[in-house]
Amino acid sequence: MDPLRQSPSPCSSRPSSPKTPPCEMLGYVGIEAVLDQLKIKAMKMGFEFNIMVVGQSGLGKSTMLNTLFKSKVWQCTPPGLEMPTPQTLQLKSVTHVIEEKGVKLKLTVTDTPGFGDQINNDKCWNPILGYINEQYERYLQEEILITRQRHIPDTRVHCCVYFVPPTGHCLRPLDIEFLQRLCRTVNVVPVIARADSLTLEEREAFRRRIQHNLRTHCIEVYPQKCFDEDINDRILNSKIRDRIPFAVVGADRQHLVNGRCVLGRKTKWGVIEGPTVGKPTTRKQTDLEIKSLLAAGRTQGKASGQGQRSGSCLAVENMAHCEFPLLRDLLIRSHLQDLKDITHNVHYENYRVCRLNESHVLPHGPCWVNLAPTPPGPSVVPGPSKVCRQAREDSDDNEDDY
């Protein structure tokens with residue numbers, strides 16, 4: 001029997017035991033107070049989120065991060081001051097604590113200046129993959145200690161936003177080679193950078209070519225099909241997958257437009273409008289906003305005319321011009337915890353199994369997973385198991401029924 005079928009699959013997040021019949025209650029017990037207890041505990045501890053941005057220089061990675069969190073989480077290069085191109089890829093991380101309505105978020109941002117900027121980009125992804133695996137190793141070393149900390153510092157990369165240059169053609173060989181390795185190690189969300197340089201027709205054609213490249217080369221970007229837990233997740237994530245890669249535009253300066261203070265960029269065509277400062281948003285509106293944005297994107301696009309610069313304002317939060325709201329809602333408002341769960345239960349678990357097999361800590365038995373020796377260089381995390389691949393095939397078959 002295949003040992004992979006004997007071991008528990010990271011794709012199955014729910015127990016396989018049969019359903020326990022509900023017990024009839026004679027009165028109020030107060031079980032619902034558990035939610036309040038969890039909320040109070042979470043508010044005290046705060047949350048951690050680690051994000052990495054990868055792409056060539058000049059694609060607006062720093063500006064997009066500042067727009068995403070509406071704060072100066074990354075210092076941009078002043079206009080007119082050109083920084084020298086680094087001779088090798090250098091990873092830089094910065095950590096901030098952001099607080100909103102009493103909720104504290106410890107945000108760590110990792111940039112990769114120098115990626116793809118050299119003449120010879122052979123194996124330029126090794127430092128990035130090495131950094132991601134190094135964070136897994138740190139967590140593993142803390143986890144296997146006899147006396148462990150109550151809260152292990154989590155420096156693992158929960159999401160990697162990959163910026164695709166707006167060439168209008170297709171993915172480059174460098175993009176394909178890197179994404180094939182990256183998607184096995186971390187959650188990858190590709191975006192089309194500087195989407196305002198493309199018309200709506202060019203943007204849609206470019207998106208379809210990229211989606212075709214991802215399918216052809218078996219690149220699984222987030223959200224992955226095999227991790228959809230129920231029909232509601234499958235429907236929502238299918239709509240998100242249909243719009244990936246998101247076409248985004250960043251803006252981190254405030255301007256006064258029609259009496260409103262907005263974040264935007266001023267050009268000779270007008271003001272490229274960003275998110276409205278101080279716009280109230282409640283958690284209850286989030287799911288409805290995501291669904292309405294996904295449903296209304298093409299409708300607004302058709303109504304806006306042939307080009308993106310019709311009128312005097314190109315709005316970042318206008319779905320007719322830019323899909324920044326979809327990226328923001330995916331990373332922060334709807335899937336932030338899911339990104340962390342998949343990182344811990346899937347990517348980190350794969351790395352942990354590899355390391356334990358290499359060090360012979362895991363005893364031979366029913367749960368033993370036979371893996372090939374790790375080649376020299378950055379650790380290679382195995383791809384999805386047979387169970388996960390079977391789940392993807394079943395998901396594709398079920399999706400055809402809708």
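Residues numbered from 1 in each chain as written. Predicted model: local features only at pLDDT ≥ 70, side-chain atom pairs only at ≥ 80, totals over all residues. Heavy atoms only, no water.

*Asks:* How would you summarise helix 3 (residues 61-69) if you had to cite specific residues and measurements?
*Replies:* Within helix 3, nine of the nine residues are buried, which leaves it mostly tucked inside the rest of the structure. Within helix 3, the full set of buried residues consists of Lys 61, Ser 62, Thr 63, Met 64, Leu 65, Asn 66, Thr 67, Leu 68 and Phe 69. Note on helix 3: the residue one or two positions beyond its end, Lys 70, has a positive phi of about 50°. (Buried < 20%, exposed > 50% of the residue type's maximum accessible area, 1.4 Å probe, protein only. Helix = DSSP H or I, 4+ residues; strand = E, 2+ residues; numbered from the N terminus.)

*Asks:* Explain the environment of Leu 339 to me, and be specific about the residues and the numbers.
*Replies:* As for its position among the elements, Leu 339 is in helix 10 (residues 336-359). For Leu 339, a relative accessible area of 0% puts it in the buried group. Considering only alpha carbons, one finds Leu 339 and Pro 223, 116 residues apart in sequence, at a separation of 8.7 Å. The contacts of Leu 339, once residues within four sequence positions are left out, are Phe 49, His 158, Cys 159, Asn 187, Tyr 222 and Leu 331. (Contact = heavy atoms within 4.5 Å.)

*Asks:* Please provide a residue-by-residue account of the pattern of salt bridges, values included.
*Replies:* Considering all chains together, one arrives at 14 salt bridges under this definition. For Arg 207, the salt bridge identified is with Glu 204, shortest N-O distance 2.8 Å. Placement of the pair is Arg 207 and Glu 204 together in helix 6 (residues 200-216), with a separation of three residues, close to one helical turn. Arg 207 sits in the buried class, given a relative accessible area of 0%. What makes Glu 204 partly exposed here is its relative accessible area of 24%. Here Arg 355 makes a salt bridge to Glu 358, at a shortest N to O gap of 3.4 Å. In this pair, Arg 355 and Glu 358 are both assigned in helix 10, three residues apart and thus about one turn of the helix distant. Among the residues examined, Arg 355 registers a relative accessible area of 24% and is labelled partly exposed. For Glu 358, a relative accessible area of 37% translates into the label partly exposed. (Salt bridge = Lys/Arg side-chain N within 4 Å of Asp/Glu carboxyl O.)

*Asks:* Hey, could you go over the side chain of Asp 175 for me, with residue numbers and the actual values?
*Replies:* For Asp 175, the position within the fold is in helix 5 (residues 173-182). You can call Asp 175 buried: its relative accessible area is 1%. Not counting chain neighbours up to four residues away, the residues in contact with Asp 175 comprise Tyr 162 and Pro 165.

*Asks:* With reference to specific residues and values, describe a nonpolar patch on the surface.
*Replies:* Together, Met 25, Val 29, Ile 31, Val 34, Leu 35 and Leu 38 line one region of the surface with nonpolar side chains, adding up to about 620 Å² of accessible area. Mapped onto the fold, Ile 31 is located in the loop between helix 1 (3-6) and helix 2 (33-45). (Patch = residues over 30% accessible without salt bridge, like charges linked within 9 Å, V, L, I, M, F, W, Y side chains within 5 Å. Areas by Shrake-Rupley, 256 points an atom, 1.4 Å probe, with all protein chains shown as cover.)

*Asks:* So what's going on with the nonpolar core? Which residues, and what values?
*Replies:* Core analysis: the biggest nonpolar cluster contains 75 residues, and Ile 51, Leu 182, Phe 246 and Leu 331 have the highest contact counts within it. Sorting elements by how many residues they give to this core places helix 4 (residues 126-143) first, with seven residues. In this view, Phe 246 contacts Pro 190, Val 191, Ile 192, Arg 207, Ile 240, Glu 323, Leu 326, Leu 327 and Leu 330; residues no more than four positions away in its chain are not counted. (Core = buried A, V, L, I, M, F, W, Y, C linked by side-chain atoms within 4.5 Å.)

*Asks:* Describe unusual backbone geometry, naming the residues involved and giving the relevant values.
*Replies:* The general pattern is negative phi for most residues beyond glycine and trans for most peptide bonds. A cis amide bond, omega 0°, links Tyr 222 with the succeeding residue Pro 223. By the secondary structure assignment, Pro 223 is in the loop between helix 6 and helix 7 (231-243). In this structure, Pro 245 follows Ile 244 across a cis peptide bond, with omega equal to 5°. Unusually for a residue other than glycine, Lys 101 sits at a positive phi of about 55°. Mapping Lys 101 onto the fold places it in the loop between strand 2 (92-100) and strand 3 (103-111). Residue classification places Lys 101 among the exposed positions, given a relative accessible area of 71%. Within the chain, Arg 194 stands out as a residue other than glycine whose phi angle is a positive 50°.

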